[in-house]
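Residue strings, one per chain:
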Amino acid sequence: MWGMPKFMKPVIVIVLAVGVAAGAAVFLSRGSEEPNEASATASETPNHVEIKGGGHVRGSEKAPLTLVEFGDYQCPSCGAYHPFVKEVLNRYPDKVKLEFHHYPLVSIHPNSFAAAKAVEAAGEQGHYWEMHDAVFEYQSAWADKPDPKPIFALLANRIGINGTVLVQTMDSPEIQARILKDIERGENAKIEAVPTFFINGERTHITLSMEDFAQVIDARLHK
Amino acid sequence: MKIRPVVIALLAFTGTVDALYLSIKRNAGPIPCHITRGCTDVLTSKYSTVAGIPLSAIGLAFYITILSLAVFTIFEEPNHPLTRTLAGIFYISGLALVVSALLVGVQAFILKAYCEYCLLSAALVLSIFLASPHPVRNKPPE
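Because the structure is a prediction, the values reported are computed rather than measured.

## So, the interface of chain B and chain A
Moving on, step 1. With 29 residues of chain B in contact, the opposing surface of chain A contributes 31 residues.
Moving on, step 2. Of all the secondary-structure elements, those providing two or more residues to the side of chain B that touches chain A are helix H1 (3-26), helix H2 (39-43) and helix H3 (55-74) of chain B.
Moving on, step 3. Per-element tally for the side of chain B that touches chain A: the top contributor is H1(B), with seven residues.

This is the structure in structure tokens:
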């Protein structure tokens, strides 16, 4: 390349390399969001999943959109998403209902299964969603405790139910079976990360922001 | 053939792809792990930013700097002393290695969750550091 200043060659190589890297990164990120039908990923993480049974529903039964969440009470990102999910239900009271399924990742969140049991036990006393909110909102208070049960009892008392009864009932085989069944549903739906959302059965990536939640919901409502 | 700068450039290129991928995925919902478990936990934790700047963006700046220094070294004249660019790679990657070690520690002992993309980055930083010649021991003759 005659007449080109000496430093231009490396500069061109650097710009090209960064450009190729950017292309590769965009390709890889899209690849995992929108799996190609021919790829192995596509068969492992189907975009449309029918989740049969289970789950707890919050919001209007008649709402046209069902936001299914597979979540883990000890997962910090699920805790971070929680206020946005609540806000969605406040903002779209007749349009969106939440269906929450347990997917505790016990290998990295040792108290997550106990938390799911505590929320289910609160449900037995008719206060599932109050406990669901409390467990997320006070996640940092129990997440690292060797025994989180006393904190769950305190949270139960705080929402107006009997904490002692909650601790006594949370280890019941029925509750445990309900959570295990939800985990099985999550495995069938090929959950790779928590929280994972589905809107009317379609796996949906939503950014941790109210704007993105609103954008996704509005787009689905106008579909 | 200047093997070391070529190897460093390839490692930095891989790191650039990794950091760019994380920068894109960071704002696109939960990040799936394929080998480890807890990518989203690590990447949305309070340790994933410094003064509001995502670590993936800082990592990207690091890899582009190392890539640039390595490419400039490749294009230097064969007898050029190369001391500045190589010393730059050695010291910058040394500093990055300390930061990487701290971040692996945060994953292991505080978050108790691992992000495979972050572990890959730590391995790349270590490899770049090991591939960069020590500026004093490899000082060219006067």
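## Observations regarding the packing of helix H3 (residues 76-91) of chain A against helix H10 (residues 210-221) of chain A
Residues and elements named next belong to chain A.
Moving on, step 1. At a minimum axis separation of 10 Å, H3 and H10 run at an interaxial angle of 45°. Overall, the two elements H3 and H10 adopt an arrangement that is oblique. The interaxial crossing formed by H3 with H10 has right-handed handedness. Of H10, the residues touching H3 (which contributes Phe84, Glu87 and Val88) are Met210, Phe213 and Ile217.
Moving on, step 2. For the contact of H3 with H10, the per-class residue count stands at five nonpolar, no polar and one charged.

## Regarding the pairing of strand E4 (residues 196-199) of chain A
Residues and elements named next belong to chain A.
Moving on, step 1. Summarising the sheet, strand E2 (residues 65-71) and E4 pair through four bridges and their orientation is antiparallel. Within the sheet, the bridge partner assigned to Leu67 lies in E4 and is Ile199.
Moving on, step 2. Relative to strand E5 (residues 202-204), E4 runs antiparallel, the two being bridged by three bridges. If you follow Phe197 over to E5, its bridge partner there is Thr204.
Moving on, step 3. With antiparallel pairing between neighbouring strands as the criterion, E4 and E5 make up a hairpin whose turn holds two residues, including Asn200 at a positive phi of roughly 45°.

## Describing the nonpolar core
Moving on, step 1. Ranked by size, the top nonpolar core spans 89 residues in total, and within it A:Ala118, B:Ala12, B:Ile66 and B:Leu67 carry the most contacts.
Moving on, step 2. A domain-level breakdown of this core finds at least three residues from each of domain 1 (8-33) and domain 2 (56-221) of chain A.
Moving on, step 3. With residues near it in sequence (within four places) discarded, A:Ala118 still touches A:Met131, A:Val135, A:Phe152, A:Leu166 and A:Met170.

## A few points about the environment of B:Ala122
Residues and elements named next belong to chain B.
Moving on, step 1. Within the secondary structure, Ala122 is located in helix H5 (residues 116-131).
Moving on, step 2. Ala122 sits in the partly exposed class, given 17 other C-beta atoms within 10 Å.
Moving on, step 3. Separated by 23 residues in sequence, Ala122 and Val99 place their C-alpha atoms 9.0 Å apart.
Moving on, step 4. Those residues in contact with Ala122 that lie beyond four places of it in its chain are Ser100, Leu103 and Val104.

## Observations regarding the pairing of strand E3 (residues 96-102) of chain A
Residues and elements named next belong to chain A.
Moving on, step 1. Within E3, six of the seven residues are buried, leaving the element largely enclosed by the surrounding structure.
Moving on, step 2. Relative to E3, strand E1 (residues 56-58) runs antiparallel, the two being bridged by three bridges. The residue bridging Val57 from the neighbouring strand is Glu99, located in E3.
Moving on, step 3. Alignment of E2 against E3, held across seven bridges, turns out to be parallel.

## Notes on the confidence of the model for chain B
As a general rule, the predicted coordinates of low-pLDDT regions are not to be interpreted in detail.
All names here are of chain B.
Moving on, step 1. Per-residue pLDDT for chain B averages 84, and the proportion of residues at 70 or more is 83%.
Moving on, step 2. When pLDDT is averaged over each helix and strand of chain B, the minimum, 76, is found for H2 and the maximum, 94, for H5.
Moving on, step 3. At the level of chain-chain contacts, confidence expressed as ipTM amounts to 0.82, with global pTM at 0.60.

About the thresholds
Residues numbered from 1 in each chain as written. Chains lettered and ligands numbered in written order. Predicted model: local features only at pLDDT ≥ 70, side-chain atom pairs only at ≥ 80, totals over all residues. Contact = placed C-beta atoms within 7 Å. Helix = DSSP H or I, 4+ residues; strand = E, 2+ residues; numbered from the N terminus. Axes fitted to C-alpha atoms, helices over the stretch in contact; angles between N-to-C directions. Parallel < 35°, antiparallel > 145°, perpendicular 65-115°, else oblique. Left-handed = near helix turned anticlockwise from the far one by under 90°. Nonpolar A, V, L, I, M, F, W, Y, C, P; charged D, E, K, R; others polar. Pairing = 2+ DSSP bridges. Core = buried A, V, L, I, M, F, W, Y, C linked by C-beta atoms within 7 Å. Buried ≥ 20, exposed ≤ 12 C-beta atoms within 10 Å, placed from the backbone. Domains from an automatic or database assignment. pLDDT = per-residue confidence, 0-100.

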